[in-house]
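Listed here are the chains, written in short residue letters.
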Amino acid sequence: MTTDPVARAAELLKGHRNSIDRLDAILVFTLAERFKHTQAVGELKAQHALPPSDPAREANQIARLEELAAQADIDPEFAKKFLNFIIQEVIQHHKQKQS
């Protein structure tokens, strides 16, 4: 390990970036798995003429995510925006299945 502060900072930066890259991969694969399930939900909704969105479920999910965000010590507003983005994507997929 080096004693040069700039080189040491570069080593630390590289370690953080490696961790970020691994976590990004986890996020992508996790989202892919989530979307596989929401696509199945969309198929079921289309087959049974159910509405593409479920406002009560969405509200429960947002409340749940805000609680998880607080436990994880991240900004609940960010978590809420992130889930809302995902929900809107899912609703669009469900609408496409029904058309």
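In this text, all values refer to a predicted model and were calculated from it rather than measured experimentally. (Residues numbered from 1 in each chain as written. Predicted model: local features only at pLDDT ≥ 70, side-chain atom pairs only at ≥ 80, totals over all residues. Heavy atoms only, no water.)

1. So, the environment of E11
Link 1 in the chain: Within the fold, E11 resides in helix 1 (residues 5-47).
Link 2 in the chain: On the basis of relative accessible area, E11 is assigned to the partly exposed category, the value being 37%.
Link 3 in the chain: For the pair E11 and K97, spaced 86 residues apart in sequence, the C-alpha separation works out to 49 Å. (Helix = DSSP H or I, 4+ residues; strand = E, 2+ residues; numbered from the N terminus. Buried < 20%, exposed > 50% of the residue type's maximum accessible area, 1.4 Å probe, protein only.)

2. Thoughts on the packing of aromatic side chains
Link 1 in the chain: Within the structure shown, the criterion is met by one aromatic pair.
Link 2 in the chain: Residues F78 and F82 carry aromatic rings whose centres are separated by 6.3 Å and whose planes lie at 20° to one another, so their mutual orientation is stacked. On the criterion of helical spacing, the pair formed by F78 and F82 is a turn pair, its members being four residues apart in helix 3 (residues 76-98). (Phe/Tyr/Trp six-rings, centres within 6.5 Å; stacked < 30°, edge-to-face > 60°.)

3. Some remarks on helix 2 (residues 55-72)
Link 1 in the chain: Between its first and last C-alpha atoms helix 2 spans 25 Å; for 18 residues at 1.5 Å apiece the expected length is 26 Å, and the two agree.
Link 2 in the chain: Where helix 2 is concerned, the buried positions are E58, Q61, I62 and A69. For helix 2, the arc enclosing every buried residue in end-on projection is 100°, short of the 170-degree limit, so these residues lie on one face. Opposite the buried face of helix 2, at more than 90 degrees from it, the exposed residues are A56, N60, E67, A70 and Q71.
Link 3 in the chain: The elements touched by buried residues of helix 2 are helix 3.
Link 4 in the chain: One or two residues past the end of helix 2 sits D73, with phi positive at roughly 60°. (Expected span 1.5 Å × (residues − 1). Arc of directions from axis to C-beta. Contact = heavy atoms within 4.5 Å.)

4. Things to note about the packing of helix 1 against helix 3
Link 1 in the chain: Interaxial distance between helix 1 and helix 3 falls to 9 Å at its minimum, and their mutual angle equals 40°. Looking at the two axes, helix 1 sits oblique to helix 3. The hand of the helix 1/helix 3 crossing is right-handed. Residues L31, R34, F35, T38, Q39, V41, G42, E43, K45 and A46 of helix 1 lie in contact with helix 3, whose contacting residues are L83, I86, E89, V90, H93, H94, K97 and Q98.
Link 2 in the chain: Here the residues of the contact of helix 1 with helix 3 are counted per class, giving seven nonpolar, six polar and five charged. (Axes fitted to C-alpha atoms, helices over the stretch in contact; angles between N-to-C directions. Parallel < 35°, antiparallel > 145°, perpendicular 65-115°, else oblique. Left-handed = near helix turned anticlockwise from the far one by under 90°. Nonpolar A, V, L, I, M, F, W, Y, C, P; charged D, E, K, R; others polar.)

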